[in-house]
Amino acid sequence: LSILDIPLDGRCFEDNANRILKTHIGNFNDNSKAVCIAACEGYQYAGTQYGMECYCGDDKPDPLLERQNECTSLCPGNANQNCGGVMRLNIFHTGK
């Protein structure tokens, strides 16, 4: 089992100017894992960033960009979840 086989469920990744997930689908005042996944319908991955931001994409993130414990922004729609951070994404499979 390699790190590539571990499910992405909420793991934290470093983003960059090129964006790991290319589509900024929107900013949501009630953002959470569920809200962002729903907004990313049709994409393979959803990512929450800096609280309100939601990104979508089909490219699997590079495991070398994983940054455990650096996603510290709370989700406005669920204070029990983290929604990324400054240039940090919590990335989820959408189930597609």
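Look above for the structure.
Residues numbered from 1 in each chain as written. Predicted model: local features only at pLDDT ≥ 70, side-chain atom pairs only at ≥ 80, totals over all residues. Heavy atoms only, no water.

Asks: For the overall build of the protein chain, give the residues involved together with the corresponding values.
Replies: The helix and strand tally for the protein chain stands at one helix and seven strands. Sequence-ordered secondary structure for the protein chain, helices as α and strands as β, is β-β-α-β-β-β-β-β. A compact globule built from 96 residues would reach a C-alpha radius of gyration of about 12 Å, and the protein chain, at 12 Å, matches this within 12%. The dimensions of the protein chain, computed from C-alpha atoms along their principal axes, are 35 × 30 × 25 Å. The distance from the centre of the 8 positive side-chain charges to the centre of the 12 negative ones in the protein chain is 2 Å. (Helix = DSSP H or I, 4+ residues; strand = E, 2+ residues; numbered from the N terminus. Rg over C-alpha atoms; globule rule 2.2 N^0.38 Å. Lys, Arg positive; Asp, Glu negative; His and termini not counted. Charge placed at Lys NZ, Arg CZ, Asp CG, Glu CD.)

Asks: Quick one: what's the story with unusual backbone geometry, residue by residue and with numbers?
Replies: The phi torsion at Tyr-50 lies on the positive side, around 55 degrees, for a residue other than glycine. With respect to the helices and strands, Tyr-50 occurs in the loop between β3 (45–49) and β4 (53–57). Judged by relative accessible area, Tyr-50 falls into the exposed class, the value being 52%. Within the chain, Asn-69 stands out as a residue other than glycine whose phi angle is a positive 70 degrees. (Buried < 20%, exposed > 50% of the residue type's maximum accessible area, 1.4 Å probe, protein only.)

Asks: If you had to explain the state of the cysteines to someone new, which residues and values would you point to?
Replies: According to the stated counting rule, one finds four disulfides in the structure shown. One disulfide bridge connects Cys-12 with Cys-71, the sulfur atoms lying 2.0 Å from each other. Between Cys-12 and Cys-71, the disulfide has an S-S torsion of 85 degrees and is therefore right-handed. Taken together, the residues Cys-12 in strand β1 (residues 11–14) and Cys-71 in the loop between β4 and β5 (74–75) connect sequence positions 59 residues apart. Its relative accessible area of 4% is what places Cys-71 among the buried residues. One disulfide in the model links Cys-75 with Cys-83; its S-S distance is 2.0 Å. On the S-S bond that ties Cys-75 to Cys-83, the torsion sits near 100 degrees, and the link is right-handed. Residue classification places Cys-75 among the buried residues on the basis of a relative accessible area of 3%. Classification of Cys-83 by relative accessible area gives buried; the value is 0%. Along the protein chain, the cysteines that take part in disulfide bonds pair up as 1-6, 2-4, 3-5, 7-8, counted in sequence order. (Disulfide = S-S within 2.5 Å.)

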